[in-house]
Amino acid sequence: MRKQTTGTIVKHLLRGAFLLVLLFLVIHIMPHVLGQRDISKKRLVDTEAPWVWQNPLPQGNDLRGASFVDANTGTVVGYYGTIVRTTDGGNSWTIQTSGTTQNLWAVSFTDVNNGTAVGEGGTILRTTDGGGFWVSQASGTTVQFRGVSFTDENNGTTVGEGGTILRTTDGGNTWVPLSSGTANTLFGVSFTDANNGTAVGGTIGQSEILRTTDGGQHWVSQPNPGTQFLFDVSFTDANTGTAVGDQGTILRTTDGGNTWIGQTSGTTKTLYGVSFADANSGTICGFELGGTGIILRTTDGGNNWVEQTSYSLPQGASAFFAVSFTDANTGTVVGDAGIILQTTNGGGQWNSQPSVTFNYLYGVSFTDANTGTAVGYENPDGMILRTTDGGSTWIRQSSGLINTFSGINFYGVHFNSANTGTIVGEEGIILRTTDGGNEWVQQTSGTTDYLYGVHFTDENNGTVVGFLNGTILRTTDGGNHWVQQTSGTTDGLFGVYFTDANNGTVVGNSGLILRTTDGGQNWIPQSSGTTNQLRAVSFTDTNTGTVVGGDFGVSTILRTSDGGQTWVSQQNPGSDVLLGVSFTDASNGTAVGQAGTILRTTDGGQNWVRQESATNRDLYGLSFTDTNTGTAVGGYGAILRTIESEPTPTPTPTPTATPTVTPGGITLSASGHRVRGMHTVDLSWTGATSANIDIFRDGSLVATVSNSGTYTDSIGVRGGNIRYRYKVCEAGTQTCSNEVTVRFGGPPL
């Protein structure tokens, strides 16, 4: 994958001595192409101000599935419940509310309105209006679904872990498990009509191909010459199909799978997605661990496969996962970090969505709502991005440095005015600009430590910290001279903040907090009360400050109101390590961290409320210029922005449900929350005996679903002081539950 770092550094793996330090410091293993962290826990939203993507665009979560029904209309799905839709051939994209944070792996549309997406945790989502509303369907399992294929709005099949196959003939109102005859994971499935379908998968050393000709009632294992995992399959008619897999595997059949013949791909990369528009014209996409993506094209049914390279992507884009063609010329490829490539000439030219980087960003500093700089990794010269319009556009700046072997990591940045700023990074790098980054000048640091944090109180007085040897550097002349100070520790140091030239705080490993009141001539250890790693610090005056960090499933937030003489641990709803913090005054602050965590307080940390980030990317850096305006940066080039139209409301409990008197044997309960800022209500009921249930909101029927006992209503509305009335009835009858009211904001009921 990328030659860059995560958490701390993962770049110089060949440096044995440094690796020992690295293994201790690293807080998060780089996401694997074929695996990811468990991010299935629900994230509640308690704010009306969304965080929106500025890079990559239209968003930066991995995309795993794509389904286009014509040249203009298509839907792509991916990690963290991501669903993105276009109706104009990709000129514009709309992020849709899925109602889940489960990773979605596949999607199948039969027309512009009817579609199904599947993913982890047994997730099946259905829309009948082109994604205006996605409804969760009961799968009866928690396995991971990897493939889905519908031939019309009613008939569909999904496949997944452990040989799982589910079938529906009523648009997903009921899903019936089928016997596959295998315990191997099935990754892809393709039906050409209601009866004829093929599923593929495998295990180590074995390709699995299953075939049905009776709508899945019976599945027959087909012999094939493959010995590798198969990840996808595409049939254009009942007889003609292609399967692809690991180590460049391509298998072809023209007799419904009675015989499968290996084709020459010319690569050993993993081939992950395949789409044929007709018997002859097909496209395959894939990736190589530690390498780059690949696109292959055939116009003669696979007798010849040609690699296509007519696309340009920023550095850091390394994997393509899914492809969908609607005719021989028009197709879309999607991949990691939200990659979207599109062609209208059969891949002669692939056009990408606008993004400035897919590499990691670690630090960000804004001096006003419009003017800011973000830094991170790039080969060969490090990444520096600049905006003067609040992030609507980000412009790459040159560092003036070169490292062609492994590139350069910049970890910290701080501007004390629009033009004057300092960047720090690996191997003692310190860069300085006085013209807004048009020119960066390297300064002599006198160390080869990896410098992680930097903070200036004015143009002259600044401090830098490093994490190999407890390094603290100080300048009083704008960096013309840097002097090493005695920190009294060899622990790694990550964060630094000064409120004036004399008073400052440094934080680091093992709960370390150091304090100075004389510009760093003396650094005094303070008692933090924790041994967790502390990553960032923010003070609003000499006495009032907050430190964040954590360790292995624990979010740590510490608060002082007496200059650090006492530090108090604050409770928060997070469980992931926090990596950045920014307070604009004593009351209003935000912290960011692993797995897209964003926490917000408006009362000095007495209450921390989770905000919806719309991603599971690690967020490393954060900068607010006022109470309402902030930018966060993180993994795979993530840049997120929030601009609240009004101050964040004081945190309140999750919206409560008030049941009325139960008129019959069905008992309904409900709870409301927000997903990506949209009102979402979870319903649960007992006592119903019918096969299907009618769901009523405010007196109107919104859905008829199987009697699973649960339903999630993704309303697609923002705002506060709104109430919804619910009841459920046995389908087509007046046998109904009690009525339940759910409110979002407003005065008490």
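Residues numbered from 1 in each chain as written. Predicted model: local features only at pLDDT ≥ 70, side-chain atom pairs only at ≥ 80, totals over all residues. Heavy atoms only, no water.

## A closer look at the overall build of the protein
Then comes step 1: Looking only at helices and strands, the protein features one helix and 64 strands.
Then comes step 2: Considering the protein as a whole, with its 749 residues, one finds that 62% of them fall into the buried category.
Then comes step 3: For the protein, contacts bridging at least 24 residues in sequence account for 48% of all contacts bridging at least 6.
Then comes step 4: Here the protein displays about 26,300 Å² of accessible surface, and carbon together with sulfur accounts for 47% of that area. (Helix = DSSP H or I, 4+ residues; strand = E, 2+ residues; numbered from the N terminus. Buried < 20%, exposed > 50% of the residue type's maximum accessible area, 1.4 Å probe, protein only. Contact = heavy atoms within 4.5 Å. Areas by Shrake-Rupley, 256 points an atom, 1.4 Å probe, with all protein chains shown as cover.)

## A closer look at the sheet that holds strand 48 (residues 555–560)
Then comes step 1: On the basis of which strands lie adjacent, the open sheet formed by four strands has the order 46-47-48-49 and antiparallel pairing. Edge positions in the sheet fall to strand 46 (533–539) and strand 49 (568–569), since each of these pairs with one other strand and no more.
Then comes step 2: The sheet contact formed by strand 48 and strand 49 spans two bridges and is antiparallel. Bridge pairing in strand 49 links Leu-558 to Ser-569. (Pairing = 2+ DSSP bridges.)

## What about the pattern of salt bridges?
Then comes step 1: Considering all chains together, one arrives at five salt bridges under this definition.
Then comes step 2: With a shortest N-O distance of 3.7 Å, Glu-378 and Arg-396 are connected by a salt bridge. Taken as a pair, Glu-378 in strand 31 (residues 372–378) and Arg-396 in strand 33 (residues 395–397) lie far apart in primary sequence, 18 residues in all.
Then comes step 3: Since its relative accessible area comes to 8%, Glu-378 is described here as buried.
Then comes step 4: Using a relative accessible area of 34% as the deciding quantity, one classes Arg-396 as partly exposed.
Then comes step 5: In this structure, Asp-381 engages Arg-396 in a salt bridge whose closest nitrogen and oxygen atoms are separated by 2.6 Å. Of this pair, Asp-381 sits in the loop between strand 31 and strand 32 (383–387) while Arg-396 sits in strand 33, and the two are 15 residues apart along the sequence.
Then comes step 6: Via salt bridges that share partners, Glu-378, Asp-381 and Arg-396 belong to a single interconnected network. (Salt bridge = Lys/Arg side-chain N within 4 Å of Asp/Glu carboxyl O.)

## Thoughts on the environment of Phe-498
Then comes step 1: Examined against the element boundaries, Phe-498 turns out to sit in strand 42 (residues 493–498).
Then comes step 2: Phe-498 sits in the buried class, given a relative accessible area of 3%.
Then comes step 3: With residues up to four places along the chain from it excluded, the contact list for Phe-498 reads His-455, Thr-457, Thr-463, Arg-474, Asn-503, Gly-504, Thr-516, Gly-519 and Trp-523.

## What about the nonpolar core?
Then comes step 1: Ranked by internal contacts, the top residues of the largest apolar core, which has 23 residues, are Ile-295, Phe-320, Val-333, Ile-339, Leu-341 and Trp-350.
Then comes step 2: Here this core takes three residues from strand 26 (residues 320–325), the largest share from any one element. (Core = buried A, V, L, I, M, F, W, Y, C linked by side-chain atoms within 4.5 Å.)

## Looking at the sheet that holds strand 42
Then comes step 1: Taken together, four strands build an open sheet; the order of strands is 42-43-44-45 and the sheet is antiparallel. The open sheet has two edge strands with one neighbour each: strand 42 and strand 45 (524–526). Neighbour to neighbour, the strand axes of the sheet diverge by 25 degrees on average, direction disregarded. (Axes fitted to C-alpha atoms, helices over the stretch in contact; angles between N-to-C directions.)

## Focus: unusual backbone geometry
Then comes step 1: Geometrically, the link from Leu-57 to Pro-58 is a cis peptide bond, its omega value of 5 degrees lying close to zero.
Then comes step 2: Each neighbour pair has its own omega, and for Asn-379 with Pro-380 the value is 15 degrees, a cis peptide bond.
Then comes step 3: Despite not being glycine, Tyr-80 shows a phi value in the positive range, around 60 degrees.
Then comes step 4: Along the polypeptide, Tyr-80 turns up in the loop between strand 3 (74–78) and strand 4 (82–86).
Then comes step 5: Take Tyr-80: its relative accessible area is 1%, and that puts it in the buried class.

## Focus: the packing of aromatic side chains
Then comes step 1: According to the stated counting rule, one finds 35 aromatic pairs in the structure shown.
Then comes step 2: With 6.1 Å between their ring centres and 85 degrees between their planes, Phe-276 and Trp-305 make a pair best called edge-to-face. Highlighted residues: Phe-276 in strand 22 (residues 270–276) and Trp-305 in the loop between strand 24 (294–298) and strand 25 (306–307), separated in sequence by 29 residues.
Then comes step 3: Ring centres of Tyr-452 and Phe-494 lie 5.2 Å apart, and the angle between their planes is 85 degrees; this geometry places the pair in the edge-to-face category. (Phe/Tyr/Trp six-rings, centres within 6.5 Å; stacked < 30°, edge-to-face > 60°.)

## Observations concerning the state of the cysteines
Then comes step 1: Under the defined criterion, the tally for this structure stands at one disulfide.
Then comes step 2: Disulfide partner of Cys-729: Cys-736, at an S-S distance of 2.0 Å. One disulfide, between Cys-729 and Cys-736, carries an S-S torsion of 100 degrees and so falls in the right-handed class.
Then comes step 3: Look at Cys-729 and you get buried, because its relative accessible area is 1%. (Disulfide = S-S within 2.5 Å.)

## As for the pairing of strand 24
Then comes step 1: Strand 24 sits mainly inside the fold: five of its five residues count as buried.
Then comes step 2: Side chains Ile-294, Leu-296 and Thr-298 of strand 24 all project onto a buried face; the interleaved residues Ile-295 and Arg-297 project onto the opposite face, where all are buried too.
Then comes step 3: Sheet topology note: the strand 23 (residues 282–287)/strand 24 ladder contains five bridges and is antiparallel. Its bridge partner being in strand 24, Cys-285 is matched across the sheet by Ile-295.
Then comes step 4: Hairpin connection between strand 23 and strand 24: a loop of six residues separates the two successive antiparallel strands, and Gly-290 in this loop has a positive phi of roughly 80 degrees.
Then comes step 5: Pairing geometry for strand 24 and strand 25, over two bridges, is antiparallel. Along strand 25, the bridge assignment pairs Leu-296 with Glu-307.

## Examining the environment of Glu-288
Then comes step 1: Inspection of the secondary structure assignment puts Glu-288 in the loop between strand 23 and strand 24.
Then comes step 2: Overall, Glu-288 belongs to the partly exposed group, its relative accessible area being 37%.
Then comes step 3: Along the chain, Glu-288 and Ser-318 lie 30 residues apart, while their C-alpha atoms are 7.7 Å from each other.

## Some details on the side chain of Gln-263
Then comes step 1: Topologically, Gln-263 is positioned in the loop between strand 21 (261–262) and strand 22.
Then comes step 2: Among the residues examined, Gln-263 registers a relative accessible area of 16% and is labelled buried.
Then comes step 3: Apart from residues no more than four positions distant in its own chain, Gln-263 is found in contact with Ile-250, Arg-252, Gly-301, Gly-302, Asn-303 and Trp-305.

## Examining the environment of Phe-150
Then comes step 1: Mapping Phe-150 onto the fold places it in strand 10 (residues 145–150).
Then comes step 2: Since its relative accessible area comes to 8%, Phe-150 is described here as buried.
Then comes step 3: Through-space distance from the C-alpha of Phe-150 to that of Ser-108 is 6.1 Å; in sequence the pair is 42 residues apart.

## Remarks on the confidence of the model for the protein
Then comes step 1: Put simply, the protein has an average pLDDT of 89, and 89% of its residues get 70 or more.
Then comes step 2: Counting interchain partners and residues more than four positions distant, the pLDDT-below-50 stretch residues 1–49 has 156 contacts.
Then comes step 3: Scored below 50 in pLDDT, residues 646–663 shows 40 contacts in the model against residues more than four places distant or in partner chains. (pLDDT = per-residue confidence, 0-100.)

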